[in-house]
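Report on the structure
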Amino acid sequence: MTRTVHCRKYKEELPGLDHPPYPGPKGEDIYQNVSKQAWDEWQTHQTMLINERRLNMMNAEDRKFLQGEMDKFLSGEEYALAEGYVQPKE
């Protein structure tokens, strides 16, 4: 049986993650409040941000930026896009 959560991003009951994506309170919060769909979308967006903005994960400022954008993305707030990115029309 699939575990469901009330997704913070989509404001509805959706299938949840199989396990916390991080250790500690942050990972537990994501596990309890973010759907698998939202997390998968974040993973894709995170990769785009790292590549397009040439973020270096060894750099504390870049990691801090990405963490802030993850929080915005998963909360349904406005978040940074890659330069020149145009969201596809539905």
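See the structure shown above.
Let me begin by describing the structure that accompanies this report. (Residues numbered from 1 in each chain as written. Predicted model: local features only at pLDDT ≥ 70, side-chain atom pairs only at ≥ 80, totals over all residues. Heavy atoms only, no water.)

1. Brief notes about the overall build of the protein
- If you tally the helices and strands in the protein, you get three helices and two strands.
- Going from N to C terminus, the protein has its helices and strands arranged as β-β-α-α-α.
- Considering only C-alpha atoms, the protein reaches an extent of 40 × 35 × 20 Å along its principal axes.
- Within the protein, the fraction of its 90 residues that count as buried is 29%.
- When contacts within the protein are restricted to residue pairs at least 6 apart in sequence, long-range pairs at least 24 apart make up 47% of them. (Helix = DSSP H or I, 4+ residues; strand = E, 2+ residues; numbered from the N terminus. Buried < 20%, exposed > 50% of the residue type's maximum accessible area, 1.4 Å probe, protein only. Contact = heavy atoms within 4.5 Å.)

2. Overview of the pattern of salt bridges
- Counted under the stated rule, the structure contains four salt bridges.
- Residue D40 is joined to K36 by a salt bridge in which the shortest nitrogen-to-oxygen separation is 3.1 Å. Within this pair, D40 and its partner K36 are both found in helix α2 (residues 36-52), separated by four residues, close to a single helical turn.
- Overall, the relative accessible area of 36% leaves K36 in the partly exposed class.
- For E69, the salt bridge is made with K72, and the minimal N-O distance between the two is 3.1 Å. One end of the pair is E69 and the other is K72, both in helix α3 (residues 60-75) and three residues apart, which spans about a single turn. (Salt bridge = Lys/Arg side-chain N within 4 Å of Asp/Glu carboxyl O.)

3. Observations concerning the side chain of H45
- The residue H45 is located in helix α2 in this model.
- Residue classification places H45 among the buried residues on the basis of a relative accessible area of 6%.
- There is a polar contact of 2.8 Å between the side chain of H45 and the backbone oxygen of A80. (Polar contact = N/O pair within 3.5 Å; in protein donor to acceptor, adjacent residues only side chain to side chain.)

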